[in-house]
Amino acid sequence: MEERIKELQEKLNRYNHEYHVLDNPSVPDSEYDKLLHELIELEAQHPEHKSNTSPTVRVGGEVQSKFEKTAHDTPMLSLSNAFGSADLRSFDRRVREMVGEADYMCELKIDGLAVSLKYENGRFVQGTTRGDGTVGEDITVNLRTIRAIPLTIDSPLSFEVRGEAYMPKASFERLNAEREKNDEGLFQNPRNAAAGSLRQLDPKLASQRYLSIFLYSVNDLRELDASAQSEALDKLDQEGFKTNQERRLVGSIDEVIEYIEYWADRRKALDYDIDGIVIKVNDIRKQDTMGFTAKSPRWAIAYKFPAEEVVTDLLDIELTVGRTGVITPTAILSPVKVAGTTVSRASLHNHEMIEEKDIRINDRVVIRKAGDIIPEVLHPILEERKGQAVYEAPITCPVCNHETVKLEDEVAIRCINPSCPAQLVEGMIYFVSREAMNIDGLGEKVIRQLYDAGLIKDVSDIYGLTRDDLLPLERMGEKKVRNLLAAIEASKHNPLSRLLVGLGIRFIGSKASGQIAQEFGSMEAVMKQPEARFIEIPEIGEKIARSIVTYTSHPDFKRLVEKLSDFGVNMTEGASKPDSKTFGGMTFVLTGKLARLTRDEAKQMIENAGGNVTGSVSSNTDVVVAGEAAGSKLEKAQSLDVSVWSEDEFIEKLGQ
Ligand code: IVH
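Residues numbered from 1 in each chain as written. Predicted model: local features only at pLDDT ≥ 70, side-chain atom pairs only at ≥ 80, totals over all residues. Heavy atoms only, no water.

1. Notes on the environment of Glu 164
Counted only if it meets this: Put simply, DSSP marks the helices as runs of H or I at least four residues long and the strands as runs of E at least two long, and each gets a number from the N terminus on. Every residue pair with non-hydrogen atoms within 4.5 Å of one another is taken to be in contact. By the criterion applied in these results, polar contacts are pairs of N or O atoms within 3.5 Å in which, for protein atoms, one can donate a hydrogen and the other can accept it, and in which residues neighboring in sequence qualify only through two side-chain atoms.
Counting through the fold element by element, Glu 164 comes out in strand β7 (residues 159-166). Separated by 158 residues in sequence, Glu 164 and Lys 6 have C-alpha atoms that sit 31 Å apart. When residues no more than four places from it in sequence are discounted, the contact partners of Glu 164 are Ile 110, Asp 111, Gly 112, Leu 113, Ala 114, Ser 212, Ile 213, Phe 214 and Tyr 216. A distance of 3.4 Å separates a polar side-chain atom of Glu 164 from the backbone nitrogen of Leu 113.

2. Thoughts on the sheet that holds strand β19 (residues 587-591)
Which entries qualify depends on this criterion: Following DSSP output, two strands are said to pair if at least two bridges run between them. The axes used here are C-alpha line fits, helices contributing only the stretch in contact, and every angle between their N-to-C directions lies in the interval 0 to 180 degrees.
Read from one edge of the open sheet, 4 strands run β20-β19-β21-β22, paired in parallel fashion. Of all strands in the sheet, those with a lone pairing partner are β20 (612-614) and β22 (643-646), marking the two edges. When strand polarity is set aside, the average angle formed by the axes of neighbouring strands in this sheet is 35°. With 4 bridges joining them, β19 and strand β21 (residues 623-626) adopt parallel strand pairing. Counterpart to Thr 591 in the pairing with β21 is Ala 626.

3. A short note on the packing of helix α12 (residues 421-432) against helix α13 (residues 444-452)
As a reminder, the rule being used: Roughly parallel refers to an angle under 35 degrees, roughly antiparallel to one over 145, roughly perpendicular to one between 65 and 115, and oblique to any angle outside these ranges. For any pair of crossing helices, the crossing counts as left-handed if the nearer helix is rotated counterclockwise from the farther one by less than a right angle, and right-handed if it is rotated clockwise. Here the term charged refers only to Asp, Glu, Lys and Arg, the term nonpolar to Ala, Val, Leu, Ile, Met, Phe, Trp, Tyr, Cys and Pro, and the term polar to all other amino acids, Gly among them.
Their axes nearest at 9 Å, the elements α12 and α13 cross at an angle of 135°. Judged on the interaxial angle alone, α13 and α12 are oblique. Between α12 and α13 lies a crossing of right-handed hand. Mapping the contact onto sequence places Pro 421, Leu 424, Val 425, Glu 426, Met 428, Ile 429 and Val 432 in α12 and Glu 444, Ile 447, Arg 448 and Tyr 451 in α13. Of the residues contributing to the contact of α12 with α13, the split by class is 8 nonpolar, no polar and 3 charged.

4. Regarding the sheet that holds strand β8 (residues 212-218)
What holds strands together in a sheet is hydrogen bonding between their backbones, with the strands either parallel or antiparallel. Spatially, the 4 strands line up as an open sheet ordered β5-β4-β7-β8, and their pairing is antiparallel. Edge positions in the sheet fall to β5 (123-129) and β8, since each of these pairs with one other strand and no more. In this sheet, neighbouring strand axes are inclined to one another by 30° on average, regardless of whether the strands run parallel or antiparallel. Of the pairings in the sheet, the one linking β7 to β8 comprises 6 bridges and is antiparallel in character. Each bridged residue has a counterpart across the sheet, and for Glu 164 the counterpart in β8 is Phe 214. Packed on one face of the sheet, helix α6 (residues 190-198) meets β4 (113-120) and β7 and runs near 40° to β4. Where helix α8 (residues 229-239) meets the sheet, its contacts fall on β7 and β8, and the angle it forms with β8 comes to roughly 135°.

5. Things to note about the site of the ligand
What counts here: What makes a residue near a molecule or strand is one non-hydrogen atom of that residue sitting within 4 Å of it. All accessible-area figures derive from a Shrake-Rupley calculation using a 1.4 Å probe, and residue coverage is judged against the displayed protein chains alone.
Not every one of the 13 residues close to the ligand is listed here, only the nearest: Leu 79, Glu 107, Glu 164, Tyr 216 and Lys 280. Here Glu 107 contributes a side-chain N or O atom positioned 2.9 Å from a nitrogen atom of the ligand. Contact distances for the ligand include 3.1 Å between a nitrogen atom and a side-chain N or O atom of Lys 280. Across the complex, the protein chains shield 86% of the 520 Å² of accessible surface that the ligand would expose by itself. Within the residue set of the shell around the ligand, elements represented by two or more residues are β3 (104-110) and β10 (274-281). Examining the composition of the shell around the ligand, we find that 4 residues originate from one element, β3, more than from any other.

6. Topic: helix α20 (residues 542-552)
Selection criterion: Here the term buried applies to any residue with accessible area under 20% of the maximum for its type, exposed to any over 50%, and partly exposed to those in between, with areas from a 1.4 Å probe on protein chains only. It is the directions from the helix axis to the C-beta atoms whose arc is reported.
Those residues of α20 that fall on the buried side of the exposure criterion are Ile 544, Ala 545, Ser 547, Ile 548 and Thr 552. Down the axis of α20, the smallest arc covering the buried residues is 165°, so these residues share one side. Exposed and facing more than 90 degrees away from the buried side of α20 are Glu 542, Lys 543 and Thr 550. Along its buried surface, α20 packs onto α17 (510-520), α18 (523-528), α19 (531-535) and α21 (555-566).

7. Some points on the environment of Thr 53
Structurally, the position occupied by Thr 53 is in the loop between α2 (29-45) and β1 (69-71). The exposure class of Thr 53 is buried, given its relative accessible area of 8%. The contacts of Thr 53, once residues within four sequence positions are left out, are Asn 13, Arg 123, Leu 151 and Thr 152. Of the polar contacts made by the side chain of Thr 53, one reaches the side chain of Ser 51; its length is 3.0 Å.

8. Some thoughts on the pattern of salt bridges
To keep it simple, the criterion reads: The salt bridge definition used is simple: a Lys or Arg side-chain nitrogen within 4 Å of an Asp or Glu carboxyl oxygen.
Tallying each qualifying case throughout the model produces 41 salt bridges. A salt bridge links Arg 4 to Glu 7, with the shortest nitrogen-to-oxygen separation between them at 3.3 Å. In this pair, Arg 4 and Glu 7 are both assigned in helix α1 (residues 2-20), 3 residues apart and thus about one turn of the helix distant. Ionic pairing is found between Asp 111 and Arg 191, a salt bridge with its closest N-O pair at 3.1 Å.

9. With respect to unusual backbone geometry
Residues apart from glycine generally show negative phi values, whereas peptide bonds are mostly found in trans. In this structure, Asp 358 takes a positive phi of about 50° despite not being glycine. Turning to its location among the elements, Asp 358 is positioned in the loop between α11 (351-357) and β15 (364-369). For Asp 358, a relative accessible area of 22% puts it in the partly exposed group. Located in the positive-phi region is Asn 438, a residue other than glycine, with phi close to 50°. Looking at where Asn 438 falls in the secondary structure, it is placed in the loop between α12 and α13. Using a relative accessible area of 15% as the deciding quantity, one classes Asn 438 as buried.

10. Remarks on the packing of α1 against α2
Running from N to C, α1 and α2 point in directions that differ by 145°, and their axes come no closer than 10 Å. As for how α1 packs across α2, the hand of that crossing is left-handed. Where α1 abuts α2, its residues Arg 4, Ile 5, Leu 8, Gln 9, Lys 11, Leu 12, Tyr 15, Asn 16 and Tyr 19 lie against Asp 29, Tyr 32, Leu 35, Leu 36, Glu 38, Leu 39, Leu 42 and Glu 43. A class-by-class count of the residues in the contact of α1 with α2 yields 10 nonpolar, 2 polar and 5 charged.

11. Quick look at the nonpolar core
Let me state the cut-off plainly: Remark: nonpolar core denotes a set of buried residues (Ala, Val, Leu, Ile, Met, Phe, Trp, Tyr, Cys) joined through side-chain atoms within 4.5 Å.
Ranked by internal contacts, the top residues of the largest apolar core, which has 48 residues, are Leu 442, Ile 462, Leu 499, Leu 503 and Ile 516. Every element with two or more residues in this core is listed here: α12, α13, α15 (478-491), α16 (496-502), α17, α18, α20 and α21. Looking at this core element by element, the count peaks at 5 residues for α12. Setting aside residues up to four positions removed in sequence, Ile 516 forms contacts with Leu 500, Ile 508, Gly 521, Val 526, Phe 534, Ile 537, Ile 540 and Ile 548. By size, the runner-up hydrophobic cluster in this structure holds 39 residues, among which are Ile 149, Leu 157, Phe 172 and Val 218.

The analysis is restricted to geometry; functional conclusions fall outside its scope.
Structure representation (structure tokens):
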């Protein structure tokens, strides 16, 4: 019996490879199905012979409650982009400057989802999404259902291969036709459908969506004994992986451009979407010499096909008021499909552009969408205009009705009412954001919720919030309230530079605020300086200096600063001492190797700030401070949704 099971497993894996990778089946589908059913039955009777590499896992596995987060061994980077031959030639120049003449591997840029597959001793053990490049999600159960992914390979290799999972156009059409029949929502494009399928918690559903994959890289090419990308791909083929066969190895950038031109039209005939061509220096030693930037390899570039342009009707122009009072126009469009998604809104940039291009409501307009970028209106089609009125820029604010102004040398139209509700809310959203006070758990949604409930009118009110204020609100539980109050409390110790950014003084971003805070040390000192003193700081010009003096000398600003100070918000750069309330009652876990502190120092600091340190992560843990090579504790924290701070973040929250 055991033998028959083994035989069936091997046979089916082979047929599977012939069909889904080689596109060359040796038996009819009916034969495959018959053997598969026999195997399913035998495995049900003898579960001890079932394994994670049996072809029966293709039809689904255990239903998941969620996907675990997992850190990539090496980050999954992205590629820098080229939009025309000029960009390609300057890439080629850089390559030749660094490594001399080079051959290029040209590959199709598959428009799907990047995934990473781990093999141990030739067995597929784990598959993850790209996530943010550092941490992805473990979607192994769903990836096993992709028939083109080998569950075992011939060589006993332990390595990681990466590639693009995608949904073929034909399966996409079939899936949407089916969904339409069942009155279910339709997927916008094959990529969204593939993403949705791989995020299904029930692998059985993922299995029914026919997905495929092209593998295009190996974590360490030497693992395959390859000295070039071309060799690595050939070896992946030999091991039974599916790679894209349209690749071409060329000897010059001119040939790269020829390859791109070849695919410009022909790509429509492929059974999968591509959104560009990837060009890689072929020789691995040359790749090593060129190395990486923080985000992408220097030895590769992605050529993006030009953005698609389409025509539609401009139904209306919607106005929104931002933090600084700028009124931004957005085009409301008759929905139209562009580059794979349905677009019903597009940017009009500013009123000056509307005027220059004479864009009017009810015009036919040309819009364009480049990749993931927000669609924009290019111009109206004047020949099709039916005499509609010229669009007039708003003379009053759409939110508070205060009159608007257009400042000299500015394209924007602004509402200058300092108590305009739209500006107040946007200003508070900015105050808590990452660039400014960085208050975890307090984002746009919660700020709006608090404002609508009448709990906050300006940013200082955030520091007066209590448990009793927050608990009755929708979507607020005990734990969330506790975390939120702790994060608010911790933000009091931010350095002055963050507070200065958060207060939304025009032209003061993190760079200028850092310099100003360094120079003067305290809010009190900043508020006393004349314009001339600011101009003495390198990189601070008249415009910034004038803005800061105008803002800080305003009575409203002074009142706000006083209120913040009364709540205990730090008004100095760096020197705020944590007190026993900073981490009052919070439970910390330290994990990984810290670079700037010893474990004991960190522990002491937490205890001085009123917190306590425990050894293991549980749902009672408030924060995990993760150093380098943090392992299972970090994973546990992520799975329990416990806040994770880096060492730098931790030090910053302590105000040191
Ligand atoms: S190589 C260091 N080759 O395009 C990154 N990427 O921004 C190495 N992609 O997320 C990527 N087809 O998922 C490479 N033949 C191909 C590709 C490809 C599609 C995706 C990849 C990545 C994105 C690049």
